[in-house]
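# Overview (structure and organization)
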Amino acid sequence: MFGKKSRKQPKDPLVRKLMDIVGENEVLYLKEDLVAYECDGFTMSKGMPRAVAFVHNAEEVSQIVKLLNREKVPYIARGAGTGLSGGATPLGGEVIISMVRMKRLLHVDLENRKAVVEPGFVNLKLTQSISDRGYYYAPDPSSQYACTIGGNVAENAGGAHCLKYGVTTNHILGLEVVLPNGEIVEIGEEGIPDRPGYDLIGLLTGSEGTLGIITKITCKVLKNPQGKKTVLAYFDEINDASQAVSDIISAGIIPAALEMMDQTAIHGVESGAHPVGHPRDIAAFLLIEVDGIEAGIDDQMNEIVEVCKKNHVREVKVAQSEAERELWWANRKTGFSAMGAISPDYLVQDGVIPRTRLPEVLTKIGEISKKYNLRIANIFHAGDGNLHPLVLYDARVPGEAERAAKAGSECLKVCADAGGSITGEHGVGIEKKEEMRFIFTDEEIEAQTNIRAVFNPEDLLNPGKLFPEPGRCVEVKRAKAQ
Amino acid sequence: MMSVDEKKMSAQTEQGMPATLGNFKWNDLPDENKWADCVHCGMCLEACPTYQETGEEHQSPRGRVYLIKAVAEGKIDVNEAFSKPIFDGLDCRACETACPASVQVGGLIEEARGQIRQAMPLKGISGAVSKTVLKGFFPHPSRMHKLGGLMKLYQKSGIQKLARKTGLLNILPTHLKDMEAILPEVGKPVLGRYPEVVPAEGERKGRVALLTGCVMDVMFSDVNEATIRVLTHNGYDVHLPKNQRCCGALHIHAGDRETGKALAKQNIEAFKEFDKVLVNAAGCGAALQEYDELFRNDPEMLPLAKAFSEKVEDISKFLYENGFKRPKVEVKTRITYHDACHLAHAQGVRFEPRQLLKEIPGVELVELPDADRCCGSAGIYNLTHPDMAGRLLERKIDDIPENVEMITMGNPGCMLQIAMGVKKYGRSEKVVHTVQLLDWAYEKEKKEAENLVNT
């Protein structure tokens, strides 16, 4: 807080106790301040937190967790709040533990290719801090300008370059975690990967803030590839673009990134802040990047261009400069947000499908769009079959949000039925918990909530996320039976 | 003073506009479409200096937009707690550069401030200060000039020396003391002293009008003199319409949109016969270019304001785009360039001033890291929020590269603020306006040409 100090004293005794732990200026409790924490990047679900406490170290987190356990008050850890599934959104009454003031880069060890950061450290800043020495941090979610690495770990965030390099979990060497009982533990000390025993880092990464609060992260950093080439391929038929994706992968090429955008999405990004000048009449474009040792890159690129030509591409162009490449990526990475320029609201879905099923799934998504009379834009990581249908709607029109939610859910059903999954990188959060049933049986869900209960027995840490409600009924029934 | 109910009535009388919007109940309602563009993605967070410093969601652009929307939805009231984050914003517009959907966060915040000031008129000391400074001085050029005269008296008469020596200044809060220490030596304002038209030198390329500004003309009349010399040297008649007024930016930032509109009307009138209105103060330039936003709810003024706003251009952009005369002599110096927020973020002018500077022979431009992050000046922000302004100033000074002799920029507020930082942190760089450097080059050229003739 800054500027003039508020004269009002907090009435809530819990707020005063939080202040005793973190300091008077480190707790928000006024309704007008809290309303900004009603939701994260997923705006369909909202809830008022009871308070927001800013923490500075693991010890403070531990004390707060112990306090809230005693008081039986639920709590949520929150980073930048850019998540797209409501993982950091309160259902109502939770204390938000904000990690954003723990934002130091603690240690860089390039010889061992690792860096230690606090959870509030912003994703892109890690690459920016080491790029002059020729290194980078690979996971690159589109929100990387603002999202925190702590949040990335909680959600197991992906990104455009995960096709070749893997998602967040493939880049985490160690974690310091405050468990829901207040204990501070280190997993994967010294950053040595693959220690014997259970893969706890793997379990924690992507647990959506339900198993513990991460307070320190050891990340893997990579050497910049020697060479890089980026092309844009414009298609008149969406099926041709989809087929090209499939053919590129089956030809044995693994591009660093293989992205696709359809016509509605192209209209969005061209109306946004980083227009490239894509033709408005194409059905789709592919943005393809190959990287690695200089020697083989041109061959790979030629092969890709051949595949595109075979699939009736209208035009293929290679980025002529780093500036052009950056513009293409800015256009892509700000794609979701740019939809604001053509629609007041959007709901982004995150289905995964086998690549070979792309054409038929896209056709079905087109049918869903017609059925609900809502535009659906498609921006996605085509290479790994990770679709992002963006259902465009206007929340001010009565009933439209509900229709959008239904359309989104149906898109996920199509993905699940095609042998895929309901989320590739955005997490389940509040948004997709019911859709978990598309891919898991009640027993499978229960097996997972049993694991959660080992860490988080009272379900005070981020309750109501990740699993559907009746999964909890099963637990309640069982608890009663015991 | 009107009562709240009377104000509601006056809101209703506005042509074709809804009377209220949720808990926004006063005249000149905020623009719903501005927040409809925001999809809450958070791409603006790390661009925002107050979010960078606090990490607080309601102190971020997305958070502020959300709060404004929450008032319109009737979730929260227009009160002290809402007002705080809305007035804690710098209005630096860095979020607008970052926003993928081009949400006009700055304009929206100014509109919300307009609601707050009508709902909760300033009382006490801040009310008095606002009344005397913003209403009593800025709208009246003669009073501004007298203030300048008083300052000159303070500096020249020895009172300044005495005050500094005796420790009399210690009664001032630190940030005001720091500010006093760097007050530039006040010259005489250009407006009124110069003729209304300063003719072009040599071949005449056209005519332009110049907004002389308030702070610029009182504190930095030398920059205005340099601007006029540079323009006439480039072949332009420079018109200085006498009836021009303060641009109103400070009033609009402070939520006093009525005074802002009154000033805007006078300026639209004062410059009506000109096709090009040039500005050398980024804050003023941005305000003039947004007069159409100001009159958004006034169908009568809107077309006039639109036409006016389109005529306004920053001096650096105008010179660059109109093929300014490349100086022929060397000015050997290493400099850096600071992007004034209202030039880079509000007007999108980044390339042209850098290019002007680079094309002066002998000038070596070293890029300033994070050059477009606010220095903390932000209009009168450094007076109303000294703590945050001080934190941002410290970061700015920390970023200034070693071994540069000058820091150039295009806004008087930044010039004062950064000069203060240079002094406070024991640095030695000279703070100059972009056109001043160009002016020096031209003057040096002229002198050398004269010497050549004389020898």
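Residues numbered from 1 in each chain as written. Chains lettered and ligands numbered in written order. Predicted model: local features only at pLDDT ≥ 70, side-chain atom pairs only at ≥ 80, totals over all residues.

## Observations concerning the overall build of chain A
- Along chain A, the regular secondary structure elements total 17 helices and 18 strands.
- Relative to a compact globule of 482 residues, whose C-alpha radius of gyration would be 23 Å, chain A shows 23 Å and is just as compact. (Helix = DSSP H or I, 4+ residues; strand = E, 2+ residues; numbered from the N terminus. Rg over C-alpha atoms; globule rule 2.2 N^0.38 Å.)

## Things to note about the overall build of chain B
- Scanning chain B for helices and strands turns up 25 helices and nine strands.
- In terms of C-alpha radius of gyration, chain B reaches 22 Å, essentially the compact-globule figure of 23 Å for 455 residues.
- Each principal axis of the C-alpha atoms in chain B carries an extent, and together these give about 80 × 50 × 45 Å.
- Of the contacts formed within chain B by residues at least 6 apart in sequence, a portion of 76% connects residues at least 24 apart. (Contact = placed C-beta atoms within 7 Å.)

## Focus: the nonpolar core
- If you look at the biggest cluster of nonpolar residues, it comprises 267 residues, and the most contacted ones within it are A53, I97, F285, L286 and L390 of chain A.
- It is helix α4 (residues 61-72) of chain B that provides the largest number of residues to this core, a total of seven residues.
- For F285 of chain A, the residues in contact, after removing those within four places along its chain, are L232, A233, Y234, F235, M261, I266 and H278 of chain A. (Core = buried A, V, L, I, M, F, W, Y, C linked by C-beta atoms within 7 Å. Buried ≥ 20, exposed ≤ 12 C-beta atoms within 10 Å, placed from the backbone.)

## Details of the interface of chain B and chain A
- Contact residues are listed per partner, giving 33 residues for chain B and 35 residues for chain A.
- Elements supplying a minimum of two residues to the side of chain B that touches chain A: α4, α5 (80-88) and α23 (386-399) of chain B.
- Across the side of chain B that touches chain A, the residue classes break down as 17 nonpolar, eight polar and eight charged. (Nonpolar A, V, L, I, M, F, W, Y, C, P; charged D, E, K, R; others polar.)

## Topic: the domain arrangement of chain A
Residue and element names in this part refer to chain A.
- One can read the domain layout of chain A as domain 1 (13-98), domain 2 (105-223) and domain 3 (227-417).
- On a C-alpha basis, the centres of domain 1 and domain 2 stand 22 Å from each other.
- Counting residues per element, the ones that place at least two in the side of domain 1 that touches domain 2 are α3 (58-71) and β3 (75-78).
- For the side of domain 1 that touches domain 2, the per-class residue count stands at seven nonpolar, six polar and one charged. (Domains from an automatic or database assignment.)

## Here's the deal with the sheet that holds strand β4 (residues 95-98) of chain A
All names here are of chain A.
- If you walk across this open sheet you meet the four strands as β1-β2-β4-β3, and the pairing is mixed. Among the strands making up the open sheet, the edge pair consists of β1 (27-28) and β3.
- Looking at chain direction, strand β2 (residues 51-54) and β4 are connected through four bridges and run parallel. Each bridged residue has a counterpart across the sheet, and for V52 the counterpart in β4 is I96.
- Where helix α1 (residues 13-22) meets the sheet, its contacts fall on β1 and β2, and the angle it forms with β2 comes to roughly 5°. (Pairing = 2+ DSSP bridges. Axes fitted to C-alpha atoms, helices over the stretch in contact; angles between N-to-C directions.)

## Digging into the confidence of the model for chain B
All names here are of chain B.
- Chain-level statistics for chain B give a pLDDT mean of 90 and a share of 95% at 70 or above.
- Ignoring residues within four places in sequence, the model shows residues 1-15, a span with pLDDT below 50, making 16 contacts including any to other chains.
- If you check the scores for this complex, the pTM reads 0.91 and the ipTM reads 0.92. (pLDDT = per-residue confidence, 0-100.)

## A closer look at the domain arrangement of chain B
All names here are of chain B.
- Here chain B is described as being made up of domain 1 (4-119) and domain 2 (326-448).
- For domain 1 and domain 2, the distance between their C-alpha centres works out to 31 Å.
- Between domain 1 and domain 2, the contact holds 12 residues from the first and 14 residues from the second.
- Of all elements in the fold, only α3 (49-54) and α6 (94-98) reach the threshold of two or more residues within the side of domain 1 that touches domain 2.
- Here the residues of the side of domain 1 that touches domain 2 sort into four nonpolar, three polar and five charged.

## A short note on the packing of helix α11 (residues 174-182) of chain B against helix α24 (residues 412-424) of chain B
Residues and elements named next belong to chain B.
- Packing of α11 against α24 brings their axes to within 9 Å, and their N-to-C directions diverge by 95°. As summarised for this structure, α11 and α24 are arranged roughly perpendicular, according to the angle between their axes. In contact with D178, M179, A181 and I182 of α11, α24 contributes L416, A419, M420, K423 and K424.
- Considering only residue class, the contact of α11 with α24 consists of six nonpolar, no polar and three charged. (Parallel < 35°, antiparallel > 145°, perpendicular 65-115°, else oblique.)

## Describing the packing of helix α13 (residues 358-372) of chain A against helix α14 (residues 400-417) of chain A
Residues and elements named next belong to chain A.
- At a minimum axis distance of 10 Å, the contact between α13 and α14 shows a crossing angle of 160°. By the angle between their axes, α13 is roughly antiparallel relative to α14. For α13 against α14, the interelement crossing comes out right-handed. The segment α13 lies against α14, with V361, K364, I365, I368 and Y372 engaging R403, K406, A407, E410, C411, V414 and C415.
- When the residues that make up the contact of α13 with α14 are grouped by side-chain class, the tally is eight nonpolar, no polar and four charged. (Left-handed = near helix turned anticlockwise from the far one by under 90°.)

## Points about the environment of A330 of chain A
- Along the polypeptide, A330 of chain A turns up in helix α11 (residues 322-333).
- In the structure, A330 of chain A is positioned 54 residues away from V276 of chain A in sequence and 9.2 Å away in space, judged by C-alpha atoms.

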